[in-house]
Amino acid sequence: MSKRRLSRQQRLRIAENQQNELNSTDKDSPINEFSYNGRIISHYGQQLDVEVLAGENSTATIRCHQRANLPPLVTGDLVLWEQDTEEAGVIVAKAKRKNVFARPDSQAKLKPLAANIDYVLVVFAVIPEPFLNFIDRYLVAINSLGLEPLLVLNKVDLLSTNPSEGVANMLSIYRGLGYPVIEVSALQGTGIEALQANLRNKIAVLVGQSGVGKSSLVNRLGHDHLADVGDLSKSKYKGTHTTTTSRLFHLQNFDLIDSPGIREFSLGHMDADSVLAGFLELKGRAAECKFRDCSHKSEPGCAIQAAIENGNITVDRFESFQSILNSME
């Protein structure tokens, strides 16, 4: 007996019911593994590459478009899709996200880049010269989203010819604050095993300034040419953009999402309290200030200034905090 073919209205009604079921999942509980059959690998405008997670074509990739009633989807989203044509599909529902990494666009509106991740790998390098304030902006954003950072210094092979007190100072500061820091060389393979061990059975998104070698790092971790690599601008050692959209790569024991590099990271969408919360050592001291509205500059009884004087808070981090606040005015 042949299987009765569902009408378009029936399929839409079923998809709507499935969407409602997915949306009813508690945000803090694991996503029901039987409620979806695909994962967004990448997207190109209105089209998305979906990894098939069920059926005879499991692990294959199919190009899909999404129903108009769905919100924008990002790499890492778990979805319900169905066959539309022989070579294409349509996404009819989205599972609740465990979390999402987003960064502000030029209008200071958050733009989601990756979903359902375990770590945000903030990659910086010996060249182009890293700046504490740039990394701090990422850390503030990561903290506000409730995600876990992992700092990765790439191109350590260049330290032999380009020794940098600034880099050494940054590493000392972040390690002293308890942030995990791994030093690697995508070119020579230094530190790669340690990074792999930290990422085992995890999903991570790579973020960072253009030119720090994120794509080279993906290729080294994948033992293959997975992502395109760009050259540094010879005039100012600024990176060229080689990744134009976030893409998920399955590696040996973990997954990596490579994201487009940027040269600036604004926090204009946040308020001062949210920025302060991202500076963990400042937040704890601020609660001890004599005045609740303390600006932490020259007021008497400022616990942050006292901590700076006795060496418990570095001047570099405090100046970075003030720089972010000033940029938001």
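Residues numbered from 1 in each chain as written. Predicted model: local features only at pLDDT ≥ 70, side-chain atom pairs only at ≥ 80, totals over all residues. Heavy atoms only, no water.

Student: Before we move on, can you summarise the confidence of the model for the protein with the specific residues and values?
Tutor: Detailed conclusions should not be drawn from predicted coordinates in areas where pLDDT is low. Per-chain confidence: the protein averages 83 in pLDDT, with 81% of residues scoring 70 or above. Considering only residues more than four positions removed or in separate chains, one finds that residues 14-31, a stretch of pLDDT under 50, has 25 contacts. (pLDDT = per-residue confidence, 0-100. Contact = heavy atoms within 4.5 Å.)

Student: Before we move on, can you summarise the packing of helix α2 (residues 132-144) against helix α3 (residues 165-176) with the specific residues and values?
Tutor: Between α2 and α3, the shortest axis-to-axis distance is 11 Å and the interhelical angle comes to 30°. The angle between α2 and α3 falls in the class roughly parallel. α3 is crossed by α2, and the crossing has right-handed handedness. Judged by residue contacts, L132, I135, D136 and L139 of α2 engage M170, I173 and Y174 from α3. The residue inventory of the contact of α2 with α3, partitioned by class, reads 6 nonpolar, no polar and 1 charged. (Axes fitted to C-alpha atoms, helices over the stretch in contact; angles between N-to-C directions. Helix = DSSP H or I, 4+ residues; strand = E, 2+ residues; numbered from the N terminus. Parallel < 35°, antiparallel > 145°, perpendicular 65-115°, else oblique. Left-handed = near helix turned anticlockwise from the far one by under 90°. Nonpolar A, V, L, I, M, F, W, Y, C, P; charged D, E, K, R; others polar.)

Student: How would you sum up the packing of aromatic side chains? Please name residues and give values.
Tutor: Inspection of the entire model under this criterion finds 4 aromatic pairs. Aromatic pair Y174 and Y179: ring centres 6.0 Å apart, planes at 80°, arrangement edge-to-face. Where F318 meets F321, the ring centres are 6.4 Å apart and the plane angle is 45°; that geometry is what we call tilted. Linking F318 with F321, this pair stays in helix α9 (residues 315-327), spanning 3 residues, or about one helical turn. Neither residue differs from the other here; F318 and F321 are each classed as buried. Taken together, F279, F318 and F321 form an aromatic cluster joined through their ring pairs. (Phe/Tyr/Trp six-rings, centres within 6.5 Å; stacked < 30°, edge-to-face > 60°. Buried < 20%, exposed > 50% of the residue type's maximum accessible area, 1.4 Å probe, protein only.)

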